[in-house]
2 protein chains.
Amino acid sequence: MPNNKELKEFDRKAQKLLWAVRDQTIELMNTPLVIDIKSSANDLVTNVDQQNERLMRRKLMEIDPSARIVGEEESFQHQLDQDLSGNTWIIDPIDGTLNFVKQRDHFAIMLALYCDGQPTLGYIMDVMNKHLYHAWREHGAYVDDKQLAKPVDAHLNESLIAINGWQLMKNNFHQQEIARGAAGLRMYGSAGIEIIHVLKGQLGGYTSRLKPWDIAAGRVIAEELGLIVKTIDDQPINVLSSNTVLVATKKVCQDVWQITK
Amino acid sequence: MPNNKELKEFDRKAQKLLWAVRDQTIELMNTPLVIDIKSSANDLVTNVDQQNERLMRRKLMEIDPSARIVGEEESFQHQLDQDLSGNTWIIDPIDGTLNFVKQRDHFAIMLALYCDGQPTLGYIMDVMNKHLYHAWREHGAYVDDKQLAKPVDAHLNESLIAINGWQLMKNNFHQQEIARGAAGLRMYGSAGIEIIHVLKGQLGGYTSRLKPWDIAAGRVIAEELGLIVKTIDDQPINVLSSNTVLVATKKVCQDVWQITK
């Protein structure tokens, strides 16, 4: 477990890295995108995802040479080794690739550090709005240099909520009942952008089936603000596997779990 | 029917009015909101909706004294007189009031002029992003001073699409099948903001049950860009009543109508 002086240094370097990756992203957006298909026609990867992940891996190996690095584009095809001992950095080089390709907006770059399994540092870069959301566990959550206030603990019926569209239609966890219990339903198409809305109190909750890189960073920042990050049916999440995650206020969680349990 | 010189003057004054209403909105957001419930707990009106509509009515009566003025907050309780002869200005003082209240983002101010039923001028102010989308029929569509390009005529399976959440769950017009046929589903909670995404090619289409003030302005701008504005089952819309509207590229319309007919 790194000490506070080491973590402070990791945090400074990680923030600098996120801004450098944002610069690279904006620069690459001025050149033609190279788009490949992963598991299906709507599961895309671009040269920007790949170049961002390479830059992040290279810099992280300098910052923390003995750490394990898990990144979406290198790891998505494999079963992940479940060992969380030591330092594990988790990278999402472009979160919301479909938005990135079709909208050139509403996507994020994310990074997290877990120390012996403990969520420790988290970063979500809202690329087009040029804001870095970040937290260091027990040291506060910030947007850029401004501390984030804890969101109001509102109930489901007072809150807008985001639910992944495919899962809403599948309805395996009563998502349609959850949606009908909320003030309104929203879908932004990027876990990072959706979690930012929960952090700011603009959504009372967000639920989707998420891979490690989709939730690792958001979990650190959300928990630092007193929000809950568990599964939609009230189980702890395993950050190295896929989970149907709920990120929400305490009261929204209680209301959702009454529906799902 | 006003002549081109008169319309040019209307356009200049209407743009100036939209910026003034935006200023008033931003100013009022620094004071406590007064929130009332209309038809249900999630159908809200605030002092800002009401003050914006008052300002817009007052200025429009100066700009075009003999015109009819239809505004959401004065008209929502009545059956609208269906006479579209002469000039009709249609006002949405805050579109996406739930977003305005819960998110303080993702809402719009809209205004349209119909001359003898013909969609003629349209304005959508994206308040928080500080952009005015506007069109004068047969004179081009603009964001601020920059002409908008016609969006690529993409098919449904290549496009992100926005569908109103309640209607997706009701599924009266096979909205779930439409959603499954698209590259992805999005929901932003404001017709104005959703239509802006279609204008920019960020969404291939948007469908929702809409009142006159929700679609009047967007229709002018969308049609000027070669987009289609009809009902979800290929009927012409009546701008003075409620319609389940589809705003989309030609190809998305063809794909949707194959599902709904």
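Residues numbered from 1 in each chain as written. Chains lettered and ligands numbered in written order. Predicted model: local features only at pLDDT ≥ 70, side-chain atom pairs only at ≥ 80, totals over all residues. Heavy atoms only, no water.

1. Notes on the overall build of chain A
Secondary structure summary: chain A contains nine helices and 14 strands in total. Against the 2.2 N^0.38 benchmark of 18 Å for 261 residues, chain A shows a C-alpha radius of gyration of 17 Å, consistent with a compact globule. Relative to its full complement of 261 residues, chain A shows a buried share of 61%. Across chain A, contacts joining residues at least 24 apart in sequence account for 61% of those joining residues at least 6 apart. Accessible surface computed for chain A: about 10,900 Å², of which carbon and sulfur atoms make up 46%. Side-chain charges of chain A comprise 29 positive and 34 negative groups, with the mean position of each set lying 2 Å from the other. (Helix = DSSP H or I, 4+ residues; strand = E, 2+ residues; numbered from the N terminus. Rg over C-alpha atoms; globule rule 2.2 N^0.38 Å. Buried < 20%, exposed > 50% of the residue type's maximum accessible area, 1.4 Å probe, protein only. Contact = heavy atoms within 4.5 Å. Areas by Shrake-Rupley, 256 points an atom, 1.4 Å probe, with all protein chains shown as cover. Lys, Arg positive; Asp, Glu negative; His and termini not counted. Charge placed at Lys NZ, Arg CZ, Asp CG, Glu CD.)

2. Considering the relation of the copies chain A and chain B
For the pair chain A and chain B, the relating rotation is 180°, the translation along its axis is 0.0 Å, and the fit reaches an RMSD of 0.0 Å. Interpreted geometrically, this transformation is the action of a two-fold axis. Of the C-alpha atoms belonging to chain A, the one lying closest to the rotation axis is found on A:Met187, 2.3 Å away. Both copies share a contact surface, since 100% of the interface residues of chain A are interface residues in chain B too. (Least-squares fit on C-alpha atoms with pLDDT ≥ 70 in both.)

3. Quick notes on the sheet that holds strand β5 (residues 108-115) of chain B
All names here are of chain B. The mixed open sheet is built from seven strands, whose spatial order is β3-β4-β5-β6-β7-β8-β9. At either end of the open sheet lies a strand with only one pairing partner, and these are β3 (68-71) and β9 (146-147). Strand direction decides the pairing type here: β3 and strand β4 (residues 87-95), joined by four bridges, are parallel. Pairing of Ile69 across the sheet is with Trp89, part of β4. (Pairing = 2+ DSSP bridges.)

4. Topic: the sheet that holds strand β5 (residues 108-115) of chain A
Residue and element names in this part refer to chain A. Read from one edge of the open sheet, seven strands run β3-β4-β5-β6-β7-β8-β9, paired in mixed fashion. Unpaired on one side and paired on the other, β3 (68-71) and β9 (146-147) mark the two borders of the sheet. Docked against the sheet, helix α7 (residues 191-199) engages β4 (87-95), β5, β6 (118-126) and β7 (131-136), running at close to 105° with respect to β6. Along the sheet face, helix α8 (residues 212-224) touches β3, β4, β5, β6, β7 and β8 (141-143) and points at about 105° away from the line of β6. (Axes fitted to C-alpha atoms, helices over the stretch in contact; angles between N-to-C directions.)

5. Quick notes on the domain arrangement of chain A
Residues and elements named next belong to chain A. The domain architecture assigned to chain A consists of domain 1 (4-147) and domain 2 (156-260). Spacing between the C-alpha centres of domain 1 and domain 2 amounts to 20 Å. If you look at the interface, domain 1 gives 40 residues, while domain 2 gives 25 residues. The three residues of domain 1 that bury the most area against domain 2 are Tyr114, Ile124 and Tyr133, which together make up 21% of that side's buried surface. For the pair domain 1 and domain 2, the interface holds zero salt bridges. (Domains from an automatic or database assignment. Buried area = accessible area lost by both parts, 1.4 Å probe. Salt bridge = Lys/Arg side-chain N within 4 Å of Asp/Glu carboxyl O.)

6. Overview of the pairing of β7(A)
All names here are of chain A. For β7, the tally of buried residues reaches five of six residues, placing the bulk of the element in the interior. Sheet topology places β6 next to β7; six bridges connect them, and they run antiparallel. Its bridge partner lying in β7, Gly122 is registered against Ala135. Counting the residues in the hairpin turn of β6 and β7 gives four residues, including Lys130, whose phi is positive at 60°.

7. As for the packing of aromatic side chains
Within the structure shown, the criterion is met by five aromatic pairs over all chains. Their ring planes at 75° and their centres at 5.7 Å tell us that A:Phe10 and A:Trp89 sit as a pair that is edge-to-face. Of the two residues, A:Phe10 is situated in helix α1 (residues 4-28) and A:Trp89 in strand β4; the sequence distance between them amounts to 79 residues. Both residues of the pair, A:Phe10 and A:Trp89, count as buried. When the ring of B:Phe100 is compared with that of B:Phe107, the centres are 4.7 Å apart and the planes differ by 75°; the resulting orientation is edge-to-face. Taken individually, B:Phe100 and B:Phe107 each receive the classification buried, so the pair is uniform in this respect. (Phe/Tyr/Trp six-rings, centres within 6.5 Å; stacked < 30°, edge-to-face > 60°.)

8. Here we look at the side chain of A:Arg57
Residues and elements named next belong to chain A. By the element assignment, Arg57 lies in helix α2 (residues 47-63). Only 3.5 Å separates the side chain of Arg57 from the backbone oxygen of Ile69, close enough to count as a polar contact. If near-sequence neighbours (up to four positions away) are discounted, Arg57 is found in contact with Ile69, Val70, Gly71, Glu74, Ser75 and Ile91. (Polar contact = N/O pair within 3.5 Å; in protein donor to acceptor, adjacent residues only side chain to side chain.)

9. Considerations on the pairing of β5(A)
Residues and elements named next belong to chain A. Among the eight residues of β5, eight are classified as buried, and the element is accordingly described as predominantly covered. Here β4 runs beside β5; their pairing, made up of seven bridges, is antiparallel. Pairing of Ile91 across the sheet is with Leu111, part of β5. Where β5 and β6 come together, eight bridges link them in antiparallel fashion. Pairing of Leu113 across the sheet is with Leu121, part of β6. The turn joining β5 and β6, which pair antiparallel and follow one another in sequence, is formed by two residues; a positive phi near 50° is taken by Asp116.

10. Considerations on the nonpolar core
Membership of the largest hydrophobic core comes to 152 residues, with the highest contact counts inside it found for A:Trp89, A:Leu111, A:Ile124, B:Trp89, B:Leu111 and B:Ile124. For A:Trp89, the contacting residues outside a window of four places in its chain are A:Phe10, A:Ala14, A:Leu60, A:Asp64, A:Ala67, A:Arg68, A:Ile69, A:Val70, A:Leu111, A:Ala112, A:Leu113 and A:Leu121. If you look at the next biggest cluster of nonpolar residues, it comprises 36 residues, including A:Leu156, A:Ile161, A:Leu168 and A:Met187. (Core = buried A, V, L, I, M, F, W, Y, C linked by side-chain atoms within 4.5 Å.)

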